[in-house]
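Remarks on the overall topology
Each chain is listed here by its residues.
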Amino acid sequence: MEEHIERLVEAMHSIKHDEVTILTGRNAGGKSLIRKQLIFQIAKALDKDVKKTSIPHASQEIRTRSNPGMGALSSMAHDLEWLATSDNTLDTIEKVFAHLEKADYIVIDEPEIGMGEELQLGLADYLNEEIAKVKALGKGCLVICHSRIIAKNVVHDKFINLEGMSEDEWLNRTPQKISVEDFKKFASDLFIAIRDNNKK
């Protein structure tokens, strides 16, 4: 667990404010923790006050905020009681990129949620178009994903896997089963380890 925390810290510090980074890793491995803490690093790199640093993000918590009880299946974005998960996701991503001019950095967290492989390929094209605008302004973007299609097709400067795999290893891996019990234990152990590490 200590080795994993070290990789989390290393991954965090390797993300640059003007680069496009793909971040992958197992569920509950700390990807969202990195997203939430990244604002401090971006603010420092830009020599800005954290409170004045803008990092709009498309994440699950944003996509489901309108009706947490119904999860990503429910959205008030279009005044509809029901809206496809993928439509809700795309709407959120578009709103994030709409703030690009005022943003210091952009985060797109698991954009593939609810999307089949065919739509993921189209999404990768869209992300590349928007990320080109990000780069043209000298800014950076973090794309967090579990999808090999997104990781392979979205143009990026850096690839990070929180289990220590190279990009080629991760893209060509054979998935190893993780039981529900093992997942819960890993998630709990990591939470405790991070909490205890923060107390030092």
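Above this text is the structure in question.
Let us look at the structure shown here.

About the criteria used
Residues numbered from 1 in each chain as written. Predicted model: local features only at pLDDT ≥ 70, side-chain atom pairs only at ≥ 80, totals over all residues. Heavy atoms only, no water. Phe/Tyr/Trp six-rings, centres within 6.5 Å; stacked < 30°, edge-to-face > 60°. Helix = DSSP H or I, 4+ residues; strand = E, 2+ residues; numbered from the N terminus. Lys NZ or Arg CZ within 6 Å of the ring centre and 35° of its normal. Pairing = 2+ DSSP bridges. Contact = heavy atoms within 4.5 Å. Axes fitted to C-alpha atoms, helices over the stretch in contact; angles between N-to-C directions. Parallel < 35°, antiparallel > 145°, perpendicular 65-115°, else oblique. Left-handed = near helix turned anticlockwise from the far one by under 90°.

All chains considered together, the criterion is met by 2 aromatic pairs. Between Phe-97 and Tyr-126, the ring centres sit 6.2 Å apart and the planes meet at 80°, which makes this aromatic pair edge-to-face. Taken together, the residues Phe-97 in helix 4 (residues 85-97) and Tyr-126 in helix 5 (residues 117-136) connect sequence positions 29 residues apart. Judged by centre distance (5.8 Å) and plane angle (50°), the ring pair of Phe-159 and Trp-170 falls under tilted. Here Phe-159, found in strand 5 (residues 158-161), pairs with Trp-170, found in helix 7 (residues 167-171); they are 11 residues apart in sequence, far enough to count as distant. When the ring centre of Phe-186 is taken as reference, the NZ or CZ atom of Arg-26 above it lies at 3.7 Å.

What follows covers the sheet that holds strand 5. Spatial ordering of the open sheet is given by 2-3-4-1-5, a layout of 5 strands whose pairing is parallel. Each end of this open sheet is capped by a strand with a single partner; those strands are strand 2 (57-58) and strand 5. Two strands pair when backbone bridges link them, and strand 3 (residues 105-109) and strand 4 (residues 140-144) are joined in this way by 5 bridges, in the parallel orientation. Bridge pairing in strand 4 links Ile-108 to Val-143. Against the sheet, helix 4 engages strand 2 and strand 3, with an angle of about 170° to strand 3.

This part takes up the packing of helix 1 (residues 2-14) against helix 2 (residues 31-46). Where helix 1 meets helix 2, the closest approach of the two axes is 10 Å, and the angle between their N-to-C directions is 45°. Relative to helix 2, the element helix 1 lies oblique. Note that helix 1 runs across helix 2; the crossing there is right-handed. Note on element contacts: helix 2 touches helix 1 through Ile-34, Gln-37, Leu-38 and Gln-41, opposite Leu-8, Ala-11, Met-12, His-13 and Ser-14.

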